[in-house]
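Each chain is listed here by its residues.
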Amino acid sequence: MATYVDILKSEFPEIDTEVFDYITGVLDSGGPDFEDEDEVYEAIGGVLQGSSDSKNEDDVREICLQMFNTLKLNNGQSSQQQVLLDAPVQLSQMSADNVTATDDIQGIWMIKRSNNTTVNAKKLEKAEAKLKAKHVRRNERDSQKTASPLVLEEASASQASSKKENRVDQTGKNRSYDIRIENFDVSFGERSLLQGAELSLAAGRRYGLIGRNGLGKTTLLKMLASRSLRVPAHISILHVEQEVDGDDTQALQSVLESDTQREGLLKEERDLNARIAKGSAEGLETVRLSEIYAKLEEIEADKAPARASVILCGLGFSAKMQQQTTKEFSGGWRMRLALARALFAKPDLLLLDEPTNMLDVRAILWLENYLQTWQSTILVVSHDRNFLNAVVTDIVHLHSQRLESYRGDYENFVKTKEDRLKNQQREYEAQFQYREHIQVFIDRFRYNANRAAQVQSKLKLLERLPELKPLEKETEVTLRFPDNFEKLSPPILQLDEVEFYYSPDHRLFTRLSVSADLESRICIVGENGAGKSTMLKLLMGELTPINGIRQAHRNLKIGYFSQHHVDQLDLNVCSVELLLNKFPGRTEEEYRHQLGGYGITGELSTRPVASLSGGQKSRVAFAQMTMPCPNFYILDEPTNHLDMETIEALAKALNKFKGGVVLVSHDERLIRLVCKELWVCEGGNVRRIEGGFDEYRDILQEQFRKEGYL
């Protein structure tokens, strides 16, 4: 029978001498005390695993079992005699000085183990230091792996090239502002988003690009803006995608500088006047100055500051804010500034991606009115149904990796699409019946010699018929907020005489008194900066009132959706892992089922959150919010990035939910579908509008007319 020394040498032939001495010393001194192979593994398993990269944990456990068996066998054959006690040991009767009891009747609790060991202390210290260094190196490698930046897939586009179009573009004779892109593909990494698609944009028309979340709407805008898809070179494109950089430029001046033609003429005028003043003019300066003044008059350069100011006012910038530097604004206000620059610059093709996400209701109404008189072409991605109805003249529907165009606003699109689907269904059924009729004839007379020629004719007819494809219907979106909780008796949640401010010079709320219960469906509207999000945090208890009281039911469980929810998600992990980290202890099936309830299914749930679209990230945030089953929801701009079908499903889910709901939203459709009460946050307080959204809209329109913003 091999000893543990033989096993050690055969399994680890290249083991360090110091480690070998350490392991044999542990087994020599503690061999009789090991009760099973797990104790052997705990004592030396880590050292053995660190000594060989070729053996995993299971291999090392098997070796420890072999060593334990040899130790057990050797101990069983040892000559040490076990002593049978004559009587039970009475520990309570043992005196403290009974140390020199007879050897043959020694109590088991009185035996003292010898401190002697065969392990060399210096060698043991060396082995432990080497093992520790190895663990440190391994941990460093693991941390480097996790800390490495997430590499995301990139979008790409390709299209069929036309020699005729290329020739016209190169000669510069193409002066049309219509855009027609034929037979193009767009992909994101390995995923194909569009195949053989066509896009036609007529000059001066306003197009709404719609489709489900994650199908590639934003990617298509980026391909157009970067000219990865061929757009005539003389057509200027402006894509409102990134916020304005923060620097010392005033907001108004930043908008004026977006008109490069005006800025270039003004700079040239200053340079020419400076040369004339110095006396270094060559005589042609006055002629050029006359041309510049004529051009400035033609483009109405003197009216530019007033026009820029009107745009900024409409988007919520007060006269004081227009004089502030861009670095003083938050990211949301800088995005508004980017939108203002685009509106002022008047490009030939304006690309807008969810422009209403950063705006309050007042600014959205102003933007609707402003864009209705826009002269050049617009392509806007939006999921705001009312905004599309007010602004666009055409709808481009992205689905099934292709683009379909519809004349009219969104409501007209819905009606036309339903009619198309009905006609396609009727055509499909007629084709199916016709094929069935032919097939019945073939099956009936297949073996009839007199009808052989007819059967062959029918078979050829079947082959010539186009392939019959069933109608492609988009799956219905359903959301559900769990409500398996007990009914709570009022009062549920209220603020009494609350006063709050971040700075004593600027009081946000004074004597604020509001309340909500499990029947509440409350929507809060108001201008950005009026304190809507702050009020939600006061309701949740995240902020403490300076004066006044917040009262909440002891069993109240609040679910909160932040308008900056993306910042609260770990983008480097997949959705399943995200829920696992947030709510440990459940099965993978539970996490997948939770995500599946919000449309994150299949491979979507295993992709890094960073690679998901904005709407898909919102769905992950909903899944995370509802997992603990709250009985009251506080939602801050929940419709941002959601497609229209999901917004409709969200409205239905909130109406079915048996708990309370307080939400801040700019989406008119959601407000009309869900809210029973409309609160307006302004002037340091909150007031209820009895006439609902229609009354609030009329109030804003009247303000615009008085202030001259329209």
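Calculation criteria
Residues numbered from 1 in each chain as written. Predicted model: local features only at pLDDT ≥ 70, side-chain atom pairs only at ≥ 80, totals over all residues. Heavy atoms only, no water. Helix = DSSP H or I, 4+ residues; strand = E, 2+ residues; numbered from the N terminus. Contact = heavy atoms within 4.5 Å. Core = buried A, V, L, I, M, F, W, Y, C linked by side-chain atoms within 4.5 Å. Buried < 20%, exposed > 50% of the residue type's maximum accessible area, 1.4 Å probe, protein only. Salt bridge = Lys/Arg side-chain N within 4 Å of Asp/Glu carboxyl O. Polar contact = N/O pair within 3.5 Å; in protein donor to acceptor, adjacent residues only side chain to side chain. Pairing = 2+ DSSP bridges. Axes fitted to C-alpha atoms, helices over the stretch in contact; angles between N-to-C directions. Phe/Tyr/Trp six-rings, centres within 6.5 Å; stacked < 30°, edge-to-face > 60°. Lys NZ or Arg CZ within 6 Å of the ring centre and 35° of its normal.

Peer 1: Describe the overall build of the protein chain, with residues and values.
Peer 2: The helix and strand tally for the protein chain stands at 24 helices and 18 strands. By sequence separation, contacts in the protein chain at least 24 residues apart represent 69% of the contacts at least 6 residues apart.

Peer 1: Run through the nonpolar core, naming residues and quoting values.
Peer 2: Counting 97 residues, the largest nonpolar core has Leu343, Leu371, Phe481, Leu663 and Tyr696 as the members making the most contacts within it. What Tyr696 contacts, discounting residues up to four positions off in sequence, is Val361, Val525, Gly526, Leu678, Val680 and Ile689. With 29 residues, the next largest nonpolar core counts Met540, Ile634, Cys681 and Val686 among its residues.

Peer 1: Before we move on, could you go through unusual backbone geometry and cite the residues and values that matter?
Peer 2: With omega at -5°, the peptide bond leading from Pro490 into Pro491 counts as cis. With respect to the helices, strands and loops of the structure, Pro491 is situated in the loop between α17 (452–464) and β10 (493–503). If you check the backbone angles, Ser400 has positive phi at about 50° while not being a glycine. With respect to the helices and strands, the residue Ser400 is situated in the loop between β8 (394–399) and β9 (402–407). Take Ser400: its relative accessible area is 36%, and that puts it in the partly exposed class.

Peer 1: Could you give me a rundown of the pattern of salt bridges, with the residues and numbers involved?
Peer 2: Pairing is possible between side chains of opposite charge, provided their charged atoms come close. If you walk through the whole model with that rule in mind, you get 37 salt bridges. We note a salt bridge from Glu182 to Arg180, for which the minimum N-O separation is 2.9 Å. Residue class for Arg180 comes out partly exposed when judged on its relative accessible area of 48%. Arg212 serves as the salt-bridge partner of Glu645, at 3.5 Å between the closest nitrogen and oxygen.

Peer 1: Which residues make up the side chain of Gln594, and what values do they have?
Peer 2: For Gln594, the position within the fold is in helix α20 (residues 588–596). On the basis of relative accessible area, Gln594 is assigned to the buried category, the value being 16%. Looking at Gln594, its side chain comes within polar contact range of the main-chain oxygen of Ala623, at 2.8 Å. What Gln594 contacts, discounting residues up to four positions off in sequence, is Leu579, Ala623, Thr626 and Met627.

Peer 1: An account of the sheet that holds strand β6 (residues 349–353) is needed here, citing residue identities and associated values.
Peer 2: Spatial ordering of the open sheet is given by β5-β6-β7-β4-β8-β9, a layout of 6 strands whose pairing is mixed. With partners counted over all chains shown, the strands left at the sheet margins are β5 (237–240) and β9, one partner each. Recorded for the sheet is a direction-independent mean angle of 20° between the axes of neighbouring strands. As paired elements, β5 and β6 share 4 bridges and run parallel to each other. What sits directly across from Ile237, in β6, is Leu349.

Peer 1: Mind laying out the pairing of strand β17 (residues 677–682), listing which residues take part and the relevant values?
Peer 2: For β17, the tally of buried residues reaches 5 of 6 residues, placing the bulk of the element in the interior. Relative to strand β18 (residues 685–688), β17 runs antiparallel, the two sharing 4 bridges. Counterpart to Glu682 in the pairing with β18 is Asn685. Hairpin connection, β17 to β18: the antiparallel pair is bridged by 2 residues, and Gly683 has positive phi, about 60°.

Peer 1: Kindly report on the packing of aromatic side chains, identifying the contributing residues and their values.
Peer 2: Evaluated as defined, the whole model comprises 16 aromatic pairs. Summarising the aromatic geometry, the rings of Tyr406 and Phe413 are spaced 4.9 Å apart at their centres and angled 85° between planes, so their arrangement reads as edge-to-face. Just as Tyr406 is buried, Phe413 falls in that class too. Connected via pairs of aromatic rings, a cluster forms that spans Phe481, Phe485, Phe561, Phe622, Tyr633 and Phe657. It is Arg336 that lies over the ring of Trp333; its NZ or CZ is 4.4 Å from the centre. Taking the ring centre of Phe445 as reference, the NZ or CZ of Arg451 above it sits at 4.2 Å.

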